[in-house]
Each structure stands twice: as C-alpha cells, then as structure tokens.
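The residues making up each chain are set out below.
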Amino acid sequence: MSHSYHRQLVFTIKERCRVCFTCVRECPVKAIKIINGQAEVLNERCIGCGNCVKVCSQGAKIPLNSVNEVEEMLASDHLIAACIAPSFPAEFEEIKDHRVIVGMVRKLGFDFVTEVSFGADLVAQAYEKRLKNEQKGGDISSDCPAIVYFIRQYNPDLVPYLAPIASPMVAMTRVMKKKHGAGLKVVFIGPCFAKKAETEEVDEVLTFRELRGMLQKRNISPENITPSEFDPPYSSKGAIFPISRGLYYTSNSQEAIPEEHVVIAEGRINFKEAVKEFEDGFIRDKHLMLLCCEGCIMGPGTSPGGKRFSRSAAVGEYVGKKMQNIDMETWQRDIDFYSDIDLSQSFNPEDRRLGPASNEDVLQALHEMGKFTEKDHLNCGACGYDTCVEHATAIVQRLAETEMCLPYTIEKLHDSINDLNISNEKLAHAKAALKQSEKLAHMGQLSAGIAHELNNPLGVITMYSNILMDEAPEGAAVREDLKLIVEQADRCKKIVSGLLNFARKNQVNLSETDVVKFLNHSVNSIIKPDNITITVIPNIQDPVAFLDIDQMMQVLTNLEKNAIEAMPNGGSLTVSVEGNKEEVIFIVKDTGTGIAKEYMDKLFTPFFTTKEMGKGTGLGLALIYGIVKMHKGKIHVDSNDDPAAGPTGSTFRITVPRGR
Ligand code: ADP
Ligand code: MG
C-alpha cells in the first residue's frame, strides 16, 4: 500500500509568536520560516514531529484537530472501532484500572475498543522474520511516521532502506477490518499527531489530548461509566512497545536478537545523526530503530507535564499485570488466525530538499550580519540555527532573516541608541534656539512699545532744554547743567532709536551688492584707534549677493565696533568675506579679551552688556541677530577668554544666502 498522504499538521497563529526562535531550534528539518519577525510552519517541509508545538510557550503552534470529524463519525450509523495505542497507561497514569479507560471510551459511542498492541505483536513477528534473513543487511524501522517523512523528504535515496512493514496502527486497522468487515471505521487514539498524516487507511486519528477534551466535554469520568475489558483480539508483549527499545524486542521469540545488530536513536538530534552515519556507510548493516521525539510516552499528543519515568513505570506495571493473566493459547490462536494479513507497506520518495545556496550568496548574507572572518562566527545558536553559516544559508533560502542574529541586532540597537542620542542633542539645541528667539520676539514687542511712548516726551525734553541752554547767559553754571541734560537726552534718544531698530519687524529690502566693496565700506565707516591694525581679506570669487544694504551695514559696523572695544590695549581686527554658490560668509575676527563661557548664551539678549555704564547699551548683538534672521542667515561665535588656553579673541561668522 502506498504512503503518499500529506496533510497540514501544524498551524501557526502569527499574532501569538513572540519571536524567541525556540521552534526554529527544535525543528529537526527547519520547516519553520521567519518572515517579518514571525514564525510560520511550512507544511511542505514539516514532518509532523510536533516538537514546535511542544516547545512553543505562547501556544502559537496549533496541531490539526480531528475532534469534529470523529464526533460526526460517532453520530453516524457506521460501526466504529477505537484502537488505542499501547502508551495509554502513560497518559492515564491516574487511572490504575485500564477497564475504566475502556469504559470511558466506549461511552463516547465507539462500538469496539481495542488495543493497538495486538497489531504490534504481529508487526514484531514480521520484523523478526526480516531480521533473521541473513542476506538482507541493514534497514530503518518504519513505525514512527515522522521518521518515515524525514527519510522520504530529506533522504529520498534511503527510501529503499525503510523496512517495508506496516506500522502497528495500520496492522491493527487491517486486523479490525478483517474481523468486522471493510465497512468498519477505525479511529486510532495515541500520543502522536504525525499519525494523522500517516495513511488514509485509518479513518481518523485522535491524540490523547483530543480524547481527554472529548471526555471532558461530555462529562465522562471514571465515576459515571461501567468499566469493561478491551475487545479482542488480545495482545501480548506488544503492549510493552512504547517503553521497550523498539519492535524487535517486542517479539515473543525465544532467541534474543543480538544487540550489536541494532542502533537505537531517539530525539531530534540523535535520529538525524544516526541517519547521517547510515547514509555515510558507517552503520549500513545495522537495523536503525529511530524515534523523532523522546519516545511515544512523551509524544506531542500526550498531556503536558507528564513525568517520563513515572509514565514508563505505568506502562511497565500494566504489561506486567497483562502478562500474568494472559491466555497464551488464545493469543496464539489469534495470531495464527490473522497471520494471512498483508503487513507490507511501500514508501515512495518525495524530495523536499532545498537547492544548495551558492558560497557567494552565503558570504554576502554573513557580511550583512557583520561577519567577515571566522572569528566573527560566534555560533551562539540564538537564531535557532546551530552555526552562523547554517543561518546565512537559511537566509539565502528565504527561510530566515538577518535580524534573527542576536549579536548583530544588539549592535544595531546600540547604533540606533547613539543616533537617537545625537538627534536628542540636536533637538535640545534647536529648542534652546527657539526659546531664545521667542524671548527676543517678546523683548522686541515690549521695547517697541516703550520706545514709541518715550520718543515724544524725549523730543520735548531735548527741544526745551536746547531752548533753555541757548537762552542761558554764557558762562553761567546753569548752562553747564543744561548741556548735560541735552547730552543725556540725546543718549536716551539713541537708545530709543536702537530699540526701535531692534524691534523693527519690517521686511528686508534686498538689492544687488558687491560684498567685497561693501565690506571695505563698512571698515571705512568706523573710527580706527591707532593701536589697532585692520586687515580686509576678500576671499570670494563671485562677489554678488542680494542684501538689505542698510541693515547689513549695521551688522558689520556693530561687529567691528564690538571687536575694537574688546581690544582696549590694541590688537588686530581681520574682516573677511568668503562664499560658495549659495551663501556669503562675513567673518569678523579680533584678538581682544574674548567672551567668558558663561556669557556665550546671553550675547544676543537685548540689554546684555558687560561694558561700563554709559558705554554699552547691550542692543548691538540683539539687533544683529534680528537682521541676520530676517536674511534667513546664521550667526556663529567662537571665542577664547583664557590666555592659558591659547591666544584670546573672538570670531563672529555671519552666513547669509546670496538671496538670488
Ligand atoms: P554692547 O556692545 O552695547 O555691550 P552688544 O550687544 O554689542 O552690546 O554686545 C554685548 C556684549 O557682548 C558686550 O558687552 C560684550 O561683553 C560682548 N561682546 C560682543 N562682541 C564682543 C567681542 N568681539 N569681544 C568680546 N566681547 C564681545
Ligand atoms: Mg556693541
């Protein structure tokens, strides 16, 4: 009979996946794909071992559920047999009397309840016969459906070595159909869900967990059933199958099968190694008894949390009792009666191996994860693959993603944190600048208001004090006093007009300017003390820019005046102009006292001055700030006031767009 049935056994609930990659690690055939950071079981690669279901703590892997189909079947008028796997004492450890379990299953509506272990007895004999055939050489046991899938899909060349013998489940199905007719429906109940995809010969497969669910739903408990014995045929040592080391030992043969002929391997790592060694010819003459999981008593279809050795003891106890009460004559009669059943099983290859990934592509994938030399291959296993190369290969095969590499992702995270810190700093600067300009805007409004109100009374004071001064006789003391009033009133007028300038919200009036000539002009219009040398450096090819000439002139002369005032003992003032295609930059550099660090962020605040009373108004830089901003330009100040740290002095750089 053929064996080419492929049902989807495991479904993925993507939203539940928390990307721990445990399923990737536990999947012996890497049938789990990670897309956009979420795991998905690929049906065409899956061998139904159930490891992913067992290890997923989030319940993101859901096995195929057959309860509805079985319930429908039970509601029909078919004759239905439940064939219970020999690991049942392990699942129902809490129920010591097997007849209680049989009674409970019967109450669900099954017409017959039998033990698969009679099938195991038959199969064991078939294996024994095969083993005794000296010519035969090594083979691979075919009782574990996940192993059969593994060989068919990933070692198709080894398919001829699969023992061509039906599994105990299939054997028992054939027994029951011989006994009750082909119309009988058979439901296998066991610890494994790869069985659900083993064959179409068995009508449905329930796991022990599904069985428990059905019993619970129908409120069937040991208290409300009538215990009863299994239906015949009765088994013998086949019942020990789940805890014995495979089928060969289940045989009732007197001659023990020499252990050196047999290799036993269980679990996702061991079975693969055994197959590899078999393939490579090291153990070609051995009989491989392989199980994909950790043995049927701990199968993925059993209830979680069971204790391995306690479960094993429960099966042992059950078989011990069974062997005490067994009627060997009846058993032998049954075995003889069913000996004409065809126990053969054929398997066909179904190659699911992925094409090889090119070295170049794998290297490229490794480089993308920052792995350039052997030393970078940490092989930490966090991604679920044993080595970095395996991970890179899976990336090339589109089964995995670069981000699954933990060291790489951590490094990227560090980089992002750094970037974030930098943007944070920039943001803080921008915020400070915003605050400053808001402050200036408020100051501007306030000063404009005050200046406007002061202008008229100041005019009156100036006018009348001038009249009084003219009228005062020459040499009179009052004339000197009036002169002072006129002087101070003039000073007030200057401050007020400075304030009005600062607060002026008018727009810039751009006109074409030769910035080199403009710079020379600015220098010529200030008074130069003898102890100061002034150098003008025109360092620009295209001198044309569009500026508000009056306002920019104020900017330059104010900067130059400040520079001169910062060099009371002489020094040098260098003014230069530079430029690129988009901007012109005026640089005013002095060798003066420099600006103390704590003053740097106050410079542009109106009325901030360090100059003695009557000398500074503290409006120069505030005015400059406003004008430059109106030109959509920037101001940058560098200064050193500490002779120990190098030559003192300040440099103001004004960058404005060419305004074309
Ligand atoms: P004022 O010149 O009336 O004091 P400003 O707004 O022009 O007002 O300048 C504010 C303050 O900035 C000055 O008092 C001075 O302390 C500092 N300052 C400006 N330019 C320079 C410079 N080139 N060197 C040193 N300090 C300067
Ligand atoms: Mg000034």
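Being a predicted model, the structure only gives us computed values, none of them experimental.

(A) Looking closely at the overall build of the protein chain. A count of helical and extended segments in the protein chain gives 19 helices and 18 strands. Relative to the globule expectation of 26 Å for 660 residues, the C-alpha radius of gyration of the protein chain, 47 Å, shows a markedly less compact shape. Dimensions of the protein chain, computed from the C-alpha atoms along their principal axes, are close to 155 × 55 × 45 Å. Residue pairs in contact within the protein chain that sit at least 24 positions apart in sequence constitute 75% of those at least 6 positions apart. Split by element, the accessible area of the protein chain, about 33500 Å² in all, is 53% carbon and sulfur. Taking the 75 positively charged and 88 negatively charged side chains of the protein chain as two groups, their mean positions are separated by 2 Å.

(B) Local environment of the environment of Asn 421. Mapped onto the secondary structure, Asn 421 falls in helix α15 (residues 406-471). Remark: the alpha-carbon pair of Asn 421 and Gly 306, spanning 115 residues in sequence, is separated by 51 Å.

(C) Structural context of the packing of helix α17 (residues 515-524) against helix α18 (residues 549-565). Interaxial distance between α17 and α18 falls to 9 Å at its minimum, and their mutual angle equals 55°. Considering the angle they form, α17 stands oblique to α18. Judged by the twist between their axes, the crossing of α17 over α18 is right-handed. Residues Phe 518, Leu 519, His 521, Ser 522 and Val 523 of α17 form the contact with α18, whose participating residues are Ile 549, Met 552, Met 553, Leu 556, Thr 557 and Glu 560.

(D) Highlighting the sheet that holds strand β6 (residues 112-115). Taken in spatial order, the four strands make up an open sheet running β6-β5-β8-β9, and their pairing is parallel. Two strands bound the open sheet, and with one partner strand each, they are β6 and β9 (204-207). Averaged over all adjacent pairs, the angle separating strand axes in this sheet is 25°, with direction ignored. Inspection of the sheet shows strand β5 (residues 80-84) paired to strand β8 (residues 185-190) by five bridges, in the parallel sense.

(E) Fine view of the environment of Val 55. If you trace the backbone, Val 55 turns up in helix α2 (residues 51-55). In the structure, Val 55 is positioned 29 residues away from Glu 26 in sequence and 7.6 Å away in space, judged by C-alpha atoms. Val 55 has contacts with Thr 22, Cys 23 and Glu 26, leaving out every residue within four places of it along the chain.

(F) Molecular detail of the site of ligand 1. Around ligand 1 there are 18 residues in total, and Asn 562, Thr 609, Thr 610, Lys 611 and Leu 621 lie nearest to it. Between ligand 1 and the protein, one listed contact pairs an oxygen atom with a side-chain N or O atom of Lys 611 at 2.6 Å. Note that an oxygen atom of ligand 1 is positioned 3.4 Å from one of the backbone N or O atoms of Gly 620. Burial of ligand 1 by the surrounding chains reaches 93%, relative to a free accessible area of 530 Å². Secondary structure elements with two or more residues in the shell around ligand 1: α18, α19 (620-630) and β18 (649-657). Split by residue class, the shell around ligand 1 holds seven nonpolar, nine polar and two charged.

(G) Geometry of α15. Taking 1.5 Å as the rise per residue, α15 with 66 residues should run 98 Å; its terminal C-alpha atoms sit 93 Å apart, in good agreement. Listed in full, the buried residues belonging to α15 are Tyr 408, Gln 436, Leu 440, Gly 444, Ser 447, Ala 451, Leu 458, Thr 462, Ser 465 and Met 469.

(H) The environment of Leu 122, seen in detail. By the secondary structure assignment, Leu 122 is in helix α6 (residues 117-132). Linking Leu 122 and Glu 210, residues 88 residues apart in sequence, is a C-alpha distance of 28 Å. Beyond its immediate sequence surroundings of up to four residues, Leu 122 is in contact with Val 175, Ile 335, Tyr 338 and Leu 343.

(I) Looking closely at the packing of helix α13 (residues 359-368) against helix α14 (residues 388-396). Packing of α13 against α14 brings their axes to within 8 Å, and their N-to-C directions diverge by 110°. The pairing of α13 with α14 is recorded here as roughly perpendicular in orientation. Here α13 contributes Asp 361, Val 362, Ala 365 and Leu 366 to the contact with α14, which in turn contributes Cys 388, Val 389, Ala 392, Thr 393, Ile 395 and Val 396. Broken down by class, the residue content of the contact of α13 with α14 amounts to eight nonpolar, one polar and one charged.

(J) Summary view of the sheet that holds strand β15 (residues 571-579). If you trace the five strands from one edge of the open sheet to the other, you get β13-β15-β16-β18-β17, paired in mixed fashion. The sheet terminates laterally at β13 (532-539) and β17 (634-640), the two strands that pair on one side only. Adjacent strand axes in the sheet meet at a mean angle of 10° when their direction is disregarded. Relative to strand β16 (residues 583-590), β15 is paired through seven bridges, and the arrangement is antiparallel. Counted as the bridge partner of Glu 578 is Ile 585 from β16. Along the sheet face, α17 touches β13, β15 and β16 and points at about 160° away from the line of β15.

(K) Summary view of the side chain of Ser 228. Its location among the elements puts Ser 228 in the loop between α9 (208-217) and β10 (262-266). In this structure Ser 228 touches Arg 99, Val 102, Gly 103 and Arg 106, once residues within four positions along its chain are discounted.

(L) Representation of the pairing of β18 within the structure. With seven of nine residues buried, β18 is to be regarded as a mostly interior element. As paired strands, β16 and β18 are joined by seven bridges and run antiparallel to one another. Directly across from Glu 583, in β18, lies its bridge partner Pro 657. Relative to β18, β17 is paired through seven bridges, and the arrangement is antiparallel. Looking across to β18, one finds that Asp 638 is bridged to Thr 651.

(M) Local environment of the pattern of salt bridges. Overall, the coordinates contain 24 salt bridges when judged by the stated rule. Notably, a salt bridge pairs Arg 212 with Glu 94, separated by 3.0 Å at the nearest N-O pair. Of this pair, Arg 212 sits in helix α9 while Glu 94 sits in the loop between α4 (88-91) and α5 (98-107); the two residues are 118 residues apart in sequence, bridging distant segments of the chain. Among the salt bridges present, the one from Asp 203 reaches Lys 177, with a minimum N-O distance of 3.4 Å.

(N) Main features of the nonpolar core. Ranked by size, the top nonpolar core spans 66 residues in total, and within it Ile 47, Ile 140, Ile 151 and Leu 290 carry the most contacts. Two domains share this core, each providing at least three of its residues, namely domain 1 (2-347) and domain 2 (359-404). The residues touching Ile 151, leaving out its near neighbours within four places in the chain, are Ile 140, Pro 156, Leu 158, Val 159, Leu 162 and Val 275. Counting residues in hydrophobic clusters, the runner-up holds 64 residues, among them Val 205, Ala 239, Met 298 and Ile 335.

(O) Looking closely at a nonpolar patch on the surface. A surface patch of nonpolar side chains, about 380 Å² in accessible area, is lined by Val 460, Met 463, Tyr 464 and Ile 467. Tracing the backbone through its elements, the reader meets Ile 467 in helix α15. Residue classification places Ile 467 among the partly exposed positions, given a relative accessible area of 38%.

(P) Representation of the packing of aromatic side chains in the model. In the structure shown here, the tally under the stated rule is eleven aromatic pairs. Taken together, a centroid distance of 6.1 Å and an interplanar angle of 85° make the contact between Phe 92 and Phe 208 edge-to-face. With Phe 92 in the loop between α4 and α5 and Phe 208 in helix α9, the pair connects residues that are 116 residues apart, well separated along the chain. Judged by its relative accessible area of 0%, Phe 208 falls in the buried class. Across the ring face of Phe 188, the terminal group of Lys 195 is positioned such that the distance to the ring centre comes to 5.8 Å.

Criteria and cut-off values
- Residues numbered from 1 in each chain as written.
- Chains lettered and ligands numbered in written order.
- Predicted model: local features only at pLDDT ≥ 70, side-chain atom pairs only at ≥ 80, totals over all residues.
- Heavy atoms only, no water.
- Helix = DSSP H or I, 4+ residues; strand = E, 2+ residues; numbered from the N terminus.
- Rg over C-alpha atoms; globule rule 2.2 N^0.38 Å.
- Contact = heavy atoms within 4.5 Å.
- Areas by Shrake-Rupley, 256 points an atom, 1.4 Å probe, with all protein chains shown as cover.
- Lys, Arg positive; Asp, Glu negative; His and termini not counted.
- Charge placed at Lys NZ, Arg CZ, Asp CG, Glu CD.
- Axes fitted to C-alpha atoms, helices over the stretch in contact; angles between N-to-C directions.
- Parallel < 35°, antiparallel > 145°, perpendicular 65-115°, else oblique.
- Left-handed = near helix turned anticlockwise from the far one by under 90°.
- Pairing = 2+ DSSP bridges.
- Near = heavy atom within 4 Å.
- Polar contact = N/O pair within 3.5 Å; in protein donor to acceptor, adjacent residues only side chain to side chain.
- Nonpolar A, V, L, I, M, F, W, Y, C, P; charged D, E, K, R; others polar.
- Expected span 1.5 Å × (residues − 1).
- Buried < 20%, exposed > 50% of the residue type's maximum accessible area, 1.4 Å probe, protein only.
- Salt bridge = Lys/Arg side-chain N within 4 Å of Asp/Glu carboxyl O.
- Core = buried A, V, L, I, M, F, W, Y, C linked by side-chain atoms within 4.5 Å.
- Domains from an automatic or database assignment.
- Patch = residues over 30% accessible without salt bridge, like charges linked within 9 Å, V, L, I, M, F, W, Y side chains within 5 Å.
- Phe/Tyr/Trp six-rings, centres within 6.5 Å; stacked < 30°, edge-to-face > 60°.
- Lys NZ or Arg CZ within 6 Å of the ring centre and 35° of its normal.

Purely spatial values, then, with no claim about function.
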